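Remarks on the overall topology
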Amino acid sequence: MHSLWEQKLEQTLNEQRARGLSRKMVDVEEVHGPEITIDNQRVLLFSSNDYLGYTQHPALKEAARKAADEWGVGAGASRLISGNLGLNAELEKKTSSFKHTDDALVFCTGFMANLGVVAGLAGPGDIIISDSLNHASLVDACRLSKAEVRIVPHADVSSFKKAMSDISDQRAVILTDGVFSMDGDVAPLADLAELAESKGALLIVDDAHGTGVLGETGRGSLEYSGVDPKGVVQIGTFSKALGGLGGFAAGPELVIEYLRNRSRTLFYTTGLPPSVLASNIKSLSLVDQEPETRARLHENISNFKQQLVESGLRPGSGPTAIVPIMIGETDPTLAMAAQLRSTGLYCPAMRPPTVPPGECRLRLSLMATHTSEQVERAVSLIIDAAHKTGVLS
Ligand SMILES: *Cc1c(COP(=O)(O)O)cnc(C)c1O
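The notes below deal with the structure included here.

**Some thoughts on the sheet that holds strand β2 (residues 35-38)**
Read from one edge of the open sheet, four strands run β1-β2-β3-β12, paired in mixed fashion. Each edge of the open sheet carries a strand with a single partner, namely β1 (30-32) and β12 (345-346). Pairing of β2 with strand β3 (residues 41-45) involves four bridges; the strand directions are antiparallel. Bridging from a neighbouring strand, E35 pairs with L44 of β3. Contacting β2, β3 and β12, helix α14 (residues 372-388) runs over the sheet at an angle of about 100° to β3.

Encoded structure:
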């Protein structure tokens, strides 16, 4: 390698190391529901987005196996060429009916859905008003769109209003996560929907962490917030509560038809494999067929939070499965994560750039498949670790 490159790569990595921001992936050796084996040690898993435990659901494994037998293991081409297996249409129909929208479009991941939708819809001359804590994929999508981007303070409706005060006959997008992935709070969707309506703007909500979890019937953060999905563009993923892989956009017919013709992340990539499509189709049904799983998740969430509060910690207050414990600086956060890991609870430290500087935290997340005993054990390990590392005195 040329020394110019060597220098740049080494210098960047060394700087990152010096600031305690090196990233390392941990190999998971075995999965036993909400317990996993790492380095030959069986640990409690409290950092998964598999909120409903669907990655291990027998009916989903069966659906995936059956589809692989029937259709093979890969799609073989982009959806535009010959990779548009009939299962895509079935999944899209199912998704739009699940989300109560006119139509839906399936992408290979949520990240690609965000790029395809935002950069597909908005372009030069358009304005995107974007929440400061939006997911990285939305941030990249905004850049890719070449629209004018106005970033507003997190969940602050009056700032959204102010940022739109000079907009009269320009096309504008209000862009927000439904559930914020590092804080677990829900966007002020009722107010944002009203604002979008009054300004003739398009509201786009990335509901990656709300789908399957929030609302009376698990439809997500719009249902939770009492917002009519008509007119809203929802983006989501099959890879979190739904246990599989893939992204989607659900919304008005014209929007979806436009995206079907304009989304580059839809065309220039291979379609999802049949096993994944089939498991996604089935998981949407399971959300309706097994509502007790969602109820169980919420029971775990409230028990977990209540026990943390009783022990003197202040977990975030959102209704979601994401429970942050704010610590602040990098070192104590890493120390606490390491202490937890050594005592049998796996939950990596969240550091910049995933969260803002000075706002390092543990991002804990609940699963419906955690037993009450596991929840209690997790709380007691967290409290012990907090005392040992000086987070609690
Ligand atoms: C995880 C996540 C995505 C990306 O979804 P994938 O299907 O994992 O690519 C998008 N938006 C938010 C808010 C997320 O948390």
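Continuing now.
**Notes on the site of the ligand**
Neighbouring the ligand are 14 residues; G110, D206, H209, T237 and K240 lie closest to it. A distance of 2.7 Å separates an oxygen atom of the ligand from a polar side-chain atom of T237. Taking K240, its side chain carries an N or O atom lying 2.6 Å from an oxygen atom of the ligand. In isolation the ligand offers 380 Å² of accessible surface; the protein chains occlude 86% of this area. Among the elements that line the shell around the ligand, the one with the most residues is helix α4 (residues 110-121), at three residues. When grouped by side-chain class, the residues that make up the shell around the ligand number two nonpolar, nine polar and three charged.

**What about the sheet that holds strand β5 (residues 127-131)?**
Spatially, the seven strands line up as an open sheet ordered β4-β10-β9-β8-β7-β5-β6, and their pairing is mixed. If you trace the sheet from one side to the other, it starts and ends with β4 (103-107) and β6 (148-152), each paired once. Mean inter-strand twist for the sheet, computed between neighbouring axes without regard to direction, equals 20°. One ladder, built from five bridges, connects β5 with β6; its direction is parallel. Across the sheet, the residue bridging to D131 is V152, located in β6. Taken strand by strand, helix α3 (residues 86-98) contacts β4 and β10 (247-251), and its axis lies near 130° from that of β4. The strands that α4 touches are β4, β5, β7 (172-177), β8 (202-206), β9 (233-237) and β10; relative to β9, the one it contacts most, it runs at about 160°.

**Looking at the pattern of salt bridges**
As a working rule, side chains carrying opposite charge can pair if their charged atoms are close by. Across all of its chains, the model carries 18 salt bridges by this definition. Between R377 and E35 there is a salt bridge, and its shortest N-O distance comes to 3.4 Å. In this pair, R377 is assigned in helix α14 and E35 in strand β2, connecting sequence segments 342 residues apart. Its relative accessible area of 12% is what places E35 among the buried residues. The salt bridge involving D288 is made with R219; its shortest N-O contact spans 2.6 Å. Within this pair, whereas D288 is found in helix α11 (residues 274-289), its partner R219 is found in the loop between β8 and α8 (221-225), the two being separated by 69 residues in sequence. Under the relative-accessibility criterion, D288 is labelled partly exposed at 42%.

What counts as what
- Residues numbered from 1 in each chain as written.
- Predicted model: local features only at pLDDT ≥ 70, side-chain atom pairs only at ≥ 80, totals over all residues.
- Heavy atoms only, no water.
- Pairing = 2+ DSSP bridges.
- Helix = DSSP H or I, 4+ residues; strand = E, 2+ residues; numbered from the N terminus.
- Contact = heavy atoms within 4.5 Å.
- Axes fitted to C-alpha atoms, helices over the stretch in contact; angles between N-to-C directions.
- Near = heavy atom within 4 Å.
- Polar contact = N/O pair within 3.5 Å; in protein donor to acceptor, adjacent residues only side chain to side chain.
- Areas by Shrake-Rupley, 256 points an atom, 1.4 Å probe, with all protein chains shown as cover.
- Nonpolar A, V, L, I, M, F, W, Y, C, P; charged D, E, K, R; others polar.
- Salt bridge = Lys/Arg side-chain N within 4 Å of Asp/Glu carboxyl O.
- Buried < 20%, exposed > 50% of the residue type's maximum accessible area, 1.4 Å probe, protein only.

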